[in-house]
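Observations on the model geometry
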Amino acid sequence: VLALVEIENANVLRELAAVLGYKNFLITQVDDERGVDLGLLYNEKPGFKLLGSRNIPVPVQSRTRSILQAGFNFHGVRLDVYVNHWPSTAAPSEERVIAAQVLRKAIDESNRSGQIKDVFTVALCDFNVIPENRPYPFDVLHDKRWVNSLYDLDYLAR
């Protein structure tokens, strides 16, 4: 899978998928003239099938994107991928906290569904969180019940 943010429209994503060799894609359909849709490219293969997807609204004052959730069956295990593009750092930190709460609720609901015993979750893309944010949005995503790791790939890459 390849997650993308700030995709102009489905045609652009379709062309990119073809160039990169992806056969399937999902895109949010948000009415925003800025061209800020979220996309997910993937290839279904034996042992890797899409179960479903949805857009999860983030109710904040500033213009922002919904969260794109895609559920996959990966060799009998559920893999949920959440594509995020949270409010910019120009918005108050509380708006990113709301986005984190929406993500947290969606993850908790998926884990409680009981349809598949183990649910593995990947949440990625542009969280727009900086260490100085107070309240700190990522605090919402820590839970002792989760075998949970948050990695800042920008930090790891540097």
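Since we're looking at a predicted model, the values are computed, not measured.

Procedures and definitions
- Residues numbered from 1 in each chain as written.
- Predicted model: local features only at pLDDT ≥ 70, side-chain atom pairs only at ≥ 80, totals over all residues.
- Heavy atoms only, no water.
- Phe/Tyr/Trp six-rings, centres within 6.5 Å; stacked < 30°, edge-to-face > 60°.
- Helix = DSSP H or I, 4+ residues; strand = E, 2+ residues; numbered from the N terminus.
- Buried < 20%, exposed > 50% of the residue type's maximum accessible area, 1.4 Å probe, protein only.
- Pairing = 2+ DSSP bridges.
- Axes fitted to C-alpha atoms, helices over the stretch in contact; angles between N-to-C directions.
- Contact = heavy atoms within 4.5 Å.

Taken as a whole, this structure holds seven aromatic pairs when the rule is applied. Residues Phe 127 and Phe 138 carry aromatic rings whose centres are separated by 5.4 Å and whose planes lie at 80° to one another, so their mutual orientation is edge-to-face. Taken together, the positions of Phe 127 in the loop between β7 (119–126) and α3 (153–157) and Phe 138 in the loop between β7 and α3 put the pair eleven residues apart, joining distant regions of the chain. Judged on exposure class, the residue Phe 127 and its partner Phe 138 are both buried. A ring pair is formed by Tyr 136 and Phe 138, whose centres lie 5.9 Å apart and whose planes are at 90°; its orientation type is edge-to-face. Phe 138 sits in the buried class, given a relative accessible area of 18%. Taken together through their ring pairs, the aromatic side chains of Tyr 42, Phe 48, Phe 72 and Phe 74 make up a single cluster.

Moving on, we come to the sheet that holds strand β3 (residues 37–42). Strand order in this open sheet of three strands is β1-β3-β2, and the pairing throughout is antiparallel. The open sheet terminates on both sides in strands that have one partner only, identified here as β1 (2–7) and β2 (24–27). Pairs of neighbouring strands in the sheet enclose a mean axial angle of 20°, with direction left out of account. Bridge count between β2 and β3: four bridges; the pairing is antiparallel.

With that settled, the discussion passes to unusual backbone geometry. At the junction of Arg 134 and Pro 135, the peptide bond is cis and its omega measures out at -5° in the coordinates. Within the secondary structure, Pro 135 is located in the loop between β7 and α3. Backbone geometry at His 75 places phi at a positive 50°, although glycine is not the residue there. Mapped onto the elements of the fold, His 75 is located in the loop between β5 (67–74) and β6 (77–85). Of the residues examined, His 75 reaches a relative accessible area of 60% and is grouped as exposed. You will see that Asn 128, though not glycine, has its phi angle at about 55°, which is positive.

Reading across the sheet, the four strands line up as β4-β5-β6-β7 and stay open at both edges, with mixed pairing between neighbours. A single partner strand is all that each edge strand has here, and the edge strands are β4 (48–56) and β7. On average, adjacent strands in this sheet sit at an angle of 20° to one another, irrespective of strand direction. Pairing of β4 with β5, which is carried by eight bridges, proceeds in the antiparallel orientation. Paired with Phe 48 across the strands is Phe 74, a residue of β5. Sheet strands in contact with helix α2 (residues 93–112) are β4, β5, β6 and β7, and its direction is about 170° off that of β6.

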